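# Examination of the molecular architecture
In case you want the letters, here they are:
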Amino acid sequence: MNTDKLRTVQDWVSFYRHEFGLPVTERGGFVMLPVTGEVGVLHLPVPRAEKVRSTLHQQRRSGPMLARQIRWSFLTEPDAHPDAQIMEVLNRLDIGIPAVGSAVMLPTGLGRWTREGCHWVVPPARDRPLPPLSMLITTALAVGTEGED
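Residues numbered from 1 in each chain as written. Predicted model: local features only at pLDDT ≥ 70, side-chain atom pairs only at ≥ 80, totals over all residues. Heavy atoms only, no water.

Moving on to the overall build of the chain. The number of helices and strands found in the chain is four helices and seven strands. In sequence order, the secondary structure elements of the chain are arranged as α-β-β-β-α-β-β-α-β-β-α. Over its C-alpha atoms the chain spans a radius of gyration of 15 Å, differing by no more than 12% from the 15 Å that the globule rule assigns to 149 residues. Taken over the C-alpha atoms alone, the chain extends approximately 50 × 30 × 25 Å along its principal axes. Considering the chain as a whole, with its 149 residues, one finds that 44% of them fall into the buried category. Of the contacts formed within the chain by residues at least 6 apart in sequence, a portion of 71% connects residues at least 24 apart. (Helix = DSSP H or I, 4+ residues; strand = E, 2+ residues; numbered from the N terminus. Rg over C-alpha atoms; globule rule 2.2 N^0.38 Å. Buried < 20%, exposed > 50% of the residue type's maximum accessible area, 1.4 Å probe, protein only. Contact = heavy atoms within 4.5 Å.)

Have a look at this one:
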């Protein structure tokens, strides 16, 4: 599909649904991806996110990633929720897992500059399964970043 012809938020909602199979909706003039039992999100600070991206790329396991100024959002398959001890570590490292019922704003463009202030580092693909949340958490904890405990 030629994304240059997509003009409205509703055009983008249809595009994300048909091209990528994502259960997006329009809310307040934006394309929103609800966090559900089938689609989850992991938010990482940029330095750690870049290391996770590199590791996943080397392993040929990368999935959709959105970049924002201070954090990236990885789309995931919510296979398991971390226990309280892991959640404490994630919170300390500023790693977030949005709750079911929340939503993530998606860009209305596939280029680097969108009105939403985010862009796809790795866009979604219908034929590529989402990586499991547990694998992304394990990778995020394993890569670390300089200056952290």
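Continuing now.
The residue Met105 is located in strand S6 (residues 103-106) in this model. As a C-alpha pair, Met105 and Glu26 span 79 residues in sequence and 9.6 Å in three-dimensional space. Among residues more than four places away in sequence, those in contact with Met105 are Phe30, Val31, Met32, Leu66, Arg68, Glu116 and Cys118.

One open sheet holds the four strands; their spatial order is S3-S5-S4-S7, and the pairing between them is antiparallel. Where the open sheet ends on each side, the last strands, each with one partner, are strand S3 (40-45) and strand S7 (119-122). Recorded for the sheet is a direction-independent mean angle of 30° between the axes of neighbouring strands. Each of S3, strand S4 (65-67), strand S5 (71-76) and S7 touches helix H2 (residues 46-58); the most contacted strand, S5, lies at about 40° to it. (Pairing = 2+ DSSP bridges. Axes fitted to C-alpha atoms, helices over the stretch in contact; angles between N-to-C directions.)

As a further point, take the pattern of salt bridges. In the structure shown here, the tally under the stated rule is two salt bridges. Across the salt bridge formed by Asp94 and Arg71, the nearest N and O atoms sit 2.9 Å from each other. Taken as a pair, Asp94 in the loop between helix H3 (84-92) and S6 and Arg71 in strand S5 lie far apart in primary sequence, 23 residues in all. Two residues, Glu116 and Arg115, come together in a salt bridge whose shortest N-O distance is 3.4 Å. Judged by its relative accessible area of 11%, Glu116 is buried. Classification of Arg115 as exposed rests on a relative accessible area of 52%. (Salt bridge = Lys/Arg side-chain N within 4 Å of Asp/Glu carboxyl O.)

With a side-chain oxygen positioned 3.2 Å from the backbone nitrogen of Gln85, the residue opening H3 is Asp83. Just beyond H3, the residue with positive phi is Asp94, at close to 60°. (Polar contact = N/O pair within 3.5 Å; in protein donor to acceptor, adjacent residues only side chain to side chain.)

On the secondary structure map, Val9 appears in helix H1 (residues 9-20). On the accessibility criterion, Val9 (16% relative accessible area) is buried. Considered as a pair, Val9 and Val31 are 22 residues apart in the sequence and their alpha carbons are 6.3 Å apart. Not counting chain neighbours up to four residues away, the residues in contact with Val9 comprise Glu26, Gly29, Phe30, Val31 and Arg115.

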